[in-house]
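# Geometric and topological summary
Next come the chains, spelled out residue by residue.
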Amino acid sequence: MEHHDNRTSGQPGEALDTDPETVEEDGELAALALKILVAGGFGVGKTTLVGAVSEIRPLRTEEQLSEAGELIDDTGGVDQKTTTTVAMDFGRITIRSGLSLYLFGTPGQDRFWFLWDELSQGALGAVVLADTRRLEDCFPAVDYFEHRRIPFVVAVNCFSEARRYGAHDVSRALDLEQGTPVVLCDARDKDSGKEVLIRLVEYAGRVHTARLLESVGPQAGSV
Ligand SMILES: Nc1nc2c(ncn2[C@@H]2O[C@H](COP(=O)(O)OP(=O)(O)O)[C@@H](O)[C@H]2O)c(=O)[nH]1
Ligand SMILES: [Mg+2]
């Protein structure tokens, strides 16, 4: 559990020895928690990303690839991967004081699609991880979020073995709607992962604000 120095220091009238846990529960400083989904194809680095950025020990539900599963899971091009996420990854990151993100790594295989509708309830937005060697693997996730109008950013996990492409090329190859951010990242790196999440929060904030203004627009004009 991480404690944040600025929660207890410098508040007038606040006892210096205040237990940060209590302060957090007291209301004013209670964190706003937003739900973020992390999606993308099998072996693209979802579990790695959630693990790299999470402040809590990430909760994972992995099992050894069973022989039966191996027939279904396409492991071609995915190096040394012996476990697969059957349910989801879960982690938490504090973006700044008072703003935390709860991360839900969605299952990478088609046979777990039914979990997505449940998971996407109330989500601020999503990160779609992509590997340029298997870009088509993230089409289903891109389609899913575009159809449900859930704001997302595409994060290209830059595996060192893969050829580098610019964000613009990836955006074109995926035929993304204009404005959808594409970020290059390293899913193993905490700062890089955090950068992706910040881009998502900023972008989703803009999208949600624009929709809100759109929805109040006509009424505001007629008053
Ligand atoms: N070289 C390299 N390997 C990575 C990177 N991200 C993940 N991996 C490895 O790729 C494999 C699949 O990653 P994982 O996070 O389990 O994928 P998931 O199926 O999307 O959850 C694991 O063995 C990771 O160690 C990366 O950026 N570079
Ligand atoms: Mg995984």
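Here's a quick rundown of the structure.

Quick notes on the rules
Residue numbers run consecutively from 1 along every chain, following the written order of its sequence. Key to labels: chains lettered from A, ligands numbered from 1, both in the order written. Under the rules for a predicted model, residues below a pLDDT of 70 receive no local features and side-chain atom pairs below 80 are neither given nor counted, while totals for whole chains, interfaces and linings still include all residues. The basis for every side-chain value is the complete set of heavy atoms in the structure, and neither hydrogens nor water enter the calculation. Paired strands, as defined in this entry, are two strands with at least two bridges between them according to DSSP. Helical segments are the DSSP runs of H or I of at least four residues, strand segments are the runs of E of at least two, and each set is numbered from the N terminus. We call a crossover right-handed when, viewed with the strands running away from us, the connection from the first strand over the helix to the second turns clockwise. We define proximity as follows: a residue is near a molecule or strand when any one of its heavy atoms falls within 4 Å of that partner. Counted as a polar contact is a pair of N or O atoms within 3.5 Å, where, for protein atoms, one must be capable of donating a hydrogen and the other of accepting one, and residues adjacent in sequence contribute only when both atoms are in side chains. All accessible-area figures derive from a Shrake-Rupley calculation using a 1.4 Å probe, and residue coverage is judged against the displayed protein chains alone. One side-chain nitrogen of Lys or Arg within 4 Å of one carboxyl oxygen of Asp or Glu is enough to make a salt bridge. Exposed residues in this analysis have more than 50% of their type's maximum accessible area, buried residues have under 20%, and partly exposed residues fall in between, with area computed by a 1.4 Å probe over protein chains only. Only Phe, Tyr and Trp rings take part, Trp by its six-membered ring, and two of them pair if their centres are within 6.5 Å. Stacked means planes under 30 degrees apart, edge-to-face means over 60, and tilted covers everything else. Charge-over-ring contacts are defined here by two conditions on Lys NZ or Arg CZ: a distance within 6 Å of the ring centre and an angle within 35 degrees of the ring normal.

### Re the pairing of strand β7 (residues 182-185)
Relative to β7, strand β6 (residues 152-157) is paired through 4 bridges, and the arrangement is parallel. Bridge pairing in β7 places Asn157 opposite Cys185. With respect to chirality, the unit in which β6 leads through helix α7 (residues 167-173) into the neighbouring parallel β7 is right-handed.

### Regarding the site of ligand 1
Taken together, 13 residues sit near ligand 1, with Gly43, Lys46, Thr47, Thr48 and Asn157 positioned nearest. Contact distances for ligand 1 include 3.4 Å between an oxygen atom and a side-chain N or O atom of Arg188. When ligand 1 sits alone it has 580 Å² of accessible area, and the protein chains cover 80% of it. The dominant element in the shell around ligand 1, judged by the number of residues it contributes, is helix α3 (residues 46-53), at 3 residues.

### Side note on the pattern of salt bridges
What the rule picks out here adds up to 6 salt bridges. Where Asp117 meets Arg148, a salt bridge forms, and the shortest distance between an N and an O atom there is 3.5 Å. With Asp117 in helix α5 (residues 114-119) and Arg148 in the loop between α6 (139-147) and β6, the pair connects residues that are 31 residues apart, well separated along the chain. The salt bridge partner of Asp186 is Arg188, with a shortest N-O separation of 3.0 Å. Relative accessible area serves as the criterion here: at 23%, Asp186 is assigned to the partly exposed category. You can call Arg188 exposed: its relative accessible area is 60%.

### Thoughts on the packing of aromatic side chains
Two aromatic rings are characterised by how far apart their centres lie and by the angle between their planes. Considering all chains together, one arrives at 6 aromatic pairs under this definition. Consider the rings of Trp116 and Phe145, whose centres lie 5.6 Å apart with planes at 25°: the pair is stacked. With a gap of 29 residues between them, Trp116 in helix α5 and Phe145 in helix α6 connect regions that are remote in the sequence. Residue classification places Trp116 among the buried residues on the basis of a relative accessible area of 4%. Taking the relative accessible area as the measure of exposure, Phe145 reaches 0% and is therefore buried. Three or more aromatic residues link up through ring pairs in this structure, and these residues are Trp116, Tyr144, Phe145 and Phe152. Across from the ring centre of Phe104, 5.4 Å away, lies the NZ or CZ of Lys35, which sits over that ring.

Spatial relationships are all this shows, so hold off on functional conclusions.
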